[in-house]
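Fold and contact review
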Amino acid sequence: MSVELLTLLFFGSLLFFLFIGTPLAFTLGGISVVFLYFTMGPVGFYIVASKFWDSMTSFTLIAIPMYVYMAMLLEKSGVAQDLYRMMHVWFGAMRGGLAIGTVLICAIFAAMSGISGAAVVTMGAIALPRMLERGYDKRLALGAINAGGGWGVLIPPSILMVLYALLTEVSVGRLFASGIGPGILLVVLVTIYITVRAWLQPSLAPALPVEERGDWGLKFASLKAVVLPLLIVVMVLGAIFGGFATPTEAAALGVFGALVASAVHRKLTLEVLTDAAMQTLRLTALIMWILFAAHAFSTAYTTLGANELMNHLMTLIPGGEWGALAFILLVLLLLGMVLDPVGIMLITLPVFIPVVQLYGWDPVWFGVVFIIMMEIGYMTPPFGFNLFYLKAVAPPEVSMSDIYWSVVPYVLVTLLGVLILIIFPQIALFFPNLFFGVAR
């Protein structure tokens, strides 16, 4: 059977089972085993088992439950409430100030947690009701939380970056460092958007009344709220970029910092520890099974000889390497609307990495662009995870339609950030080169 027909059957089967609702792990693993058996015979099972063993013995994988547990603890620690009070008194006097403050808190949470849902759920419960009470437009407020929450997978540490590094054999440390510049870029772009929108339409995001703004004494007293978050960020990222710890070891430091934060806020109880551990177990088990199945999928895809086919097809796309990049971004944008970002990563990377090698793109730069597209996947309808996280904690007057429409301008702003990153790749590569030297 020709490689073209095998590829069509392979990906056609994948899409069929996904659209009828088969769990991703079963779909990836089942299709891979079937195709390997009929193309290679029983020896295909040994190849899959070998890949599983390689994954199970990866030291880097230990970082995933650590970062998830850190995020779960921080969500329950009370850190977010103190941060919001600080942003309230510092930014409330500005038009759109509460939304800008919320965006900044999301960025801080992203630098502490590594997952998307933590900031969305926390800010949706704390900041959203207060913005609505003060006359903020629903869609402006919802979109700010949705966009800011997505930065958890971009600003280091990031679980998606750990998975990307495992699948592409890129340095986790370099990948973490590459998320700093683009993360700052997106924070600035979203802040500019909110500021300009509030200036043009003051009724959408009014400034707080004078009596609620707080004096300078209150403002400076509130700054103590950033001490613990900054310590956690410095411990985790400083240990990695300073060469004192691997990303996995730094994750353990992050958990320690989250435990300290919980103790300081008097939330370090057996119930909190147990609840966070159970949520971590569920999420980690889900990620691990999908990862094992994805390794089988990648092995089967490579064995079919389809890499060469995809490389050939990419060269036929008009526009050369820029046309190929535009095609990849379009595919990721469309898939992000209907599939889980982790699943998209595990399905598409075996296809796209040979293209990255073909055109000589920097795999770290491509990884950041890829992660930002996955971030967009978290916030785009109809199946973006952040949409449903937000609906779960939003007040009753917020409809799903409000949440869907709220993301449109923020998606456009994020895509503008991707375009800037493509034009100026050093935004992503400056910090990796600074901390780890220029890659050869």
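Residues numbered from 1 in each chain as written. Predicted model: local features only at pLDDT ≥ 70, side-chain atom pairs only at ≥ 80, totals over all residues. Heavy atoms only, no water.

1. Notes on the packing of aromatic side chains
Inspection of every chain in the model, using the stated rule, returns 10 aromatic pairs. Considering the side-chain rings of Phe 16 and Phe 17, the 5.2 Å spacing of their centres and the 75° angle between planes classify their relative orientation as edge-to-face. Among the residues examined, Phe 17 registers a relative accessible area of 34% and is labelled partly exposed. Through a chain of ring-to-ring contacts, three or more aromatic side chains come together here, namely Tyr 164, Tyr 359, Trp 361, Trp 365, Phe 366 and Phe 370. (Phe/Tyr/Trp six-rings, centres within 6.5 Å; stacked < 30°, edge-to-face > 60°. Buried < 20%, exposed > 50% of the residue type's maximum accessible area, 1.4 Å probe, protein only.)

2. As for the packing of helix α5 (residues 79-91) against helix α6 (residues 97-113)
Look at α5 against α6: their axes get within 9 Å of each other, and the N-to-C directions meet at 145°. Where α5 crosses over α6, the two elements pack in a sense that is right-handed. Contact residues: α5 offers Val 79, Ala 80, Leu 83, Tyr 84, Met 87, His 88 and Phe 91, while α6 offers Gly 97, Leu 98, Ile 100, Gly 101, Thr 102, Leu 104, Ile 105, Ile 108, Phe 109 and Met 112. Across the contact of α5 with α6, the residue classes break down as 13 nonpolar, 4 polar and no charged. (Axes fitted to C-alpha atoms, helices over the stretch in contact; angles between N-to-C directions. Helix = DSSP H or I, 4+ residues; strand = E, 2+ residues; numbered from the N terminus. Left-handed = near helix turned anticlockwise from the far one by under 90°. Contact = heavy atoms within 4.5 Å. Nonpolar A, V, L, I, M, F, W, Y, C, P; charged D, E, K, R; others polar.)

3. Some points on a nonpolar patch on the surface
A cluster of nonpolar side chains, contributed by Ile 184, Val 188, Ile 192, Val 196, Trp 199 and Leu 200, occupies part of the molecular surface with about 620 Å² of accessible area. Residue Leu 200 is classed as exposed on the basis of its relative accessible area, which comes to 57%. (Patch = residues over 30% accessible without salt bridge, like charges linked within 9 Å, V, L, I, M, F, W, Y side chains within 5 Å. Areas by Shrake-Rupley, 256 points an atom, 1.4 Å probe, with all protein chains shown as cover. Salt bridge = Lys/Arg side-chain N within 4 Å of Asp/Glu carboxyl O.)

4. Points about the pattern of salt bridges
Throughout the structure, instances matching the rule amount to 3 salt bridges. With a shortest N-O distance of 3.6 Å, Arg 134 and Glu 133 are connected by a salt bridge. Relative accessible area serves as the criterion here: at 61%, Glu 133 is assigned to the exposed category. Ionic pairing is found between Asp 402 and Lys 138, a salt bridge with its closest N-O pair at 3.0 Å. You can see Asp 402 sitting in helix α21 (residues 400-406) and its partner Lys 138 sitting in helix α8 (residues 138-150), a full 264 residues away along the chain.

5. Examining the nonpolar core
Across soluble globular proteins, you tend to see nonpolar side chains buried next to one another. Tyr 67, Trp 365 and Phe 366 are the most contacted members of the largest nonpolar core, which has 149 residues in total. Of all the elements, helix α19 (residues 363-379) adds the most residues to this core, at 13 residues. Phe 366 has contacts with Tyr 164, Ile 328, Leu 349, Phe 352, Val 356 and Trp 361, leaving out every residue within four places of it along the chain. (Core = buried A, V, L, I, M, F, W, Y, C linked by side-chain atoms within 4.5 Å.)

6. A short note on helix α17 (residues 320-336)
In an α-helix, one turn spans 3.6 residues, which is why side chains three or four residues apart end up on the same side. A rise of 1.5 Å per residue sets the reference length of α17, with its 17 residues, at 24 Å; its end C-alpha atoms lie 24 Å apart and thus fit the reference within 8%. By the burial criterion, the buried members of α17 are Gly 323, Ala 324, Leu 325, Ile 328, Leu 329, Leu 332, Leu 333, Leu 335 and Gly 336. (Expected span 1.5 Å × (residues − 1).)

7. Topic: unusual backbone geometry
The omega torsion across Pro 156 and Pro 157 is 0°, close enough to zero to call that bond cis. With respect to the helices, strands and loops of the structure, Pro 157 is situated in the loop between α8 and α9 (159-168). Not every positive phi belongs to a glycine, and Glu 169 is a case in point at roughly 60°. Along the polypeptide, Glu 169 turns up in the loop between α9 and α10 (172-178).

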